[in-house]
Amino acid sequence: MKKNIPVYDIKYFSAYKNDGILVSRFGTYAKQHQHLHTAHRHSFYHLVLFTKGAGKHQIDFDTFEVRPNLIYFMIPGQVHSWNFTSEPDGYIINFSAAYFSSLLLKQDYLGKFSFFSGITNQQVLDLDEPTSSKVFGIFEDILKEGKIQQPWSDDLVKVLLLQLFIEIERSVNGDQHLPKNNYNDTILRNFQQLIEQNYTTLKLPKQYAELLYITPNHLNALCNEFLGMSAGKLIRNRIILEAKRLLVNLDLRVAEVAFKLNFEDQSYFVKFFKKYEGVTPDKFRKQYISDPYGTK
């Protein structure tokens, strides 16, 4: 395993009509970029739909199967890796966070889709047959659009991508989407954004409730009702996730990880990590290095 988990920018890949996007058949992509099978991060959005193949795919330390009709969504910053047991194929799309900026006025539009939540169990989806047929057709249309030089091509690709996201969101969530109430929906999304921006400095629900101009009890009730976990757990999960991402970088000592996460000292960080993960940071690191897919 490499000492540092590499981070790849969209500019690292061959452009597809636009510097902000790459679209390819997955079999070709996997052969061209075999070093990407090991743990790495992206600074862009990443989605893969498999039409064949088997194996394991790890996203932020959760392991999922690789099989046909499974589609995987990843957001910038997530750590992931592949372990294939048979030759895979399908479709892959990488696109930058700014890719839709010229088309959409709402900069947080992608955040409305549950599979771009950054919560791993919402990012790996088993598509039913009707949805698969629609999605395969959209992927093929996107690939075809990349092979021709026509006016409006890039905008059409963006529209096709949005159609893809909407079809999948409808299939997966239907009428069960997160809060219907726009006020509650806004609070929860703002809360999740605030966690992402402040999890190293703000660790208590009451601190976030104050920023959201609501009571801690109200915030906790919303999280339990619509996200299925307490506000405190949502904050802790983000801290632990970042701890794991830092721990698999062997150049960082545990004390340095604790410092980056703004813990008072190493011993407090070790106690915190062990309380919620069941192992010490050192043991987690050793387990991950020896068996990243948890096969032992």
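Rules used in this analysis
- Residues numbered from 1 in each chain as written.
- Predicted model: local features only at pLDDT ≥ 70, side-chain atom pairs only at ≥ 80, totals over all residues.
- Heavy atoms only, no water.
- Patch = residues over 30% accessible without salt bridge, like charges linked within 9 Å, V, L, I, M, F, W, Y side chains within 5 Å.
- Areas by Shrake-Rupley, 256 points an atom, 1.4 Å probe, with all protein chains shown as cover.
- Salt bridge = Lys/Arg side-chain N within 4 Å of Asp/Glu carboxyl O.
- Helix = DSSP H or I, 4+ residues; strand = E, 2+ residues; numbered from the N terminus.
- Contact = heavy atoms within 4.5 Å.
- Buried < 20%, exposed > 50% of the residue type's maximum accessible area, 1.4 Å probe, protein only.
- Pairing = 2+ DSSP bridges.
- Expected span 1.5 Å × (residues − 1).
- Arc of directions from axis to C-beta.
- Core = buried A, V, L, I, M, F, W, Y, C linked by side-chain atoms within 4.5 Å.
- Axes fitted to C-alpha atoms, helices over the stretch in contact; angles between N-to-C directions.
- Left-handed = near helix turned anticlockwise from the far one by under 90°.
- Nonpolar A, V, L, I, M, F, W, Y, C, P; charged D, E, K, R; others polar.

Novice: Where do I start with a nonpolar patch on the surface in this structure?
Specialist: A contiguous nonpolar patch, built from L103, L156 and V159 and spanning about 210 Å² of accessible area, is present on the exposed surface. Within the fold, L156 resides in helix α3 (residues 153–173).

Novice: Help me understand the side chain of H33 in this model?
Specialist: Within the fold, H33 resides in the loop between α1 (26–32) and β3 (40–42). Dropping the residues within four chain positions of it, H33 is found in contact with Y12 and F13.

Novice: Quick question: what am I supposed to make of the pairing of strand β6 (residues 70–74) here?
Specialist: Regular strands place side chains that alternate from one sheet face to the opposite one. In terms of burial, β6 is a largely internal element, 5 of the 5 residues being buried. Because side chains alternate across β6, one face comprises the buried residues L70, Y72 and M74, and the other comprises I71 and F73, equally buried. Summarising the sheet, strand β4 (residues 45–59) and β6 pair through 4 bridges and their orientation is antiparallel. In the strand pairing of β6, V48 is matched with Y72. Pairing geometry for β6 and strand β8 (residues 124–126), over 3 bridges, is antiparallel. Bridge assignment links I71 to a residue of β8, and that residue is L125.

Novice: In this structure, what is going on with helix α9 (residues 266–277)? I would like to understand it.
Specialist: Because an α-helix completes one turn every 3.6 residues, residues spaced three or four positions apart along the sequence face the same direction. If you check α9, its first and last C-alpha atoms are 16 Å apart, about what 12 residues at 1.5 Å a residue would give, namely 16 Å. Of all the positions in α9, only F269, F272 and F273 are classed as buried. For α9, the buried positions fall inside an angular range of 95° around the axis, keeping them on one side. More than 90 degrees from the buried face of α9, the exposed residues found are K271 and K275. Looking at the buried positions of α9, the neighbouring elements they touch are α7 (231–247), α8 (254–260) and α10 (281–290). Downstream of α9 by one or two residues, G278 has phi in the positive range, about 85°.

Novice: It is not clear to me how the nonpolar core should be interpreted in this structure. Could you clarify?
Specialist: Buried together is how nonpolar side chains tend to be arranged in soluble globular proteins. Of all hydrophobic cores here, the largest spans 42 residues; its most connected members are F191, Y208, L219, L261, F269 and F273. Those elements that place two or more of their residues in this core are α4 (182–198), α5 (205–212), α6 (216–227), α7, α8, α9 and α10. The element contributing the most residues to this core is α7, with 9 residues. Once residues within four sequence positions are removed from consideration, F273 is found in contact with I240, A243, K244, L247, G278, V279, T280, P281 and F284. In this structure, I21, V23, I71 and L161 belong to the second largest nonpolar core, which totals 31 residues.

Novice: What is the right way to read the packing of α4 against α7 from this model?
Specialist: A packed helix pair is summarised by two numbers, namely the angle formed by the two axes and the spacing between the axes. At a minimum axis distance of 10 Å, the contact between α4 and α7 shows a crossing angle of 35°. The chirality of how α4 crosses α7 is right-handed. For the pair α4 and α7, contact is made by F191, Q192, I195 and E196 and by A231, L234, I235 and R238, respectively. Grouping the amino acids of the contact of α4 with α7 by side-chain chemistry returns 5 nonpolar, 1 polar and 2 charged.

Novice: What am I meant to see in the pattern of salt bridges here?
Specialist: Side-chain pairing between opposite charges can occur once the charged atoms of the two side chains come close. Enumeration according to the criterion identifies 12 salt bridges in this entry. The partner of E256 in a salt bridge is R253, and the shortest N-O contact between them spans 3.9 Å. Salt bridges linked by common partners bring D60, E196, R238, E242 and R245 together as one network.

Note that all results are geometric; they support no functional claim without further evidence.
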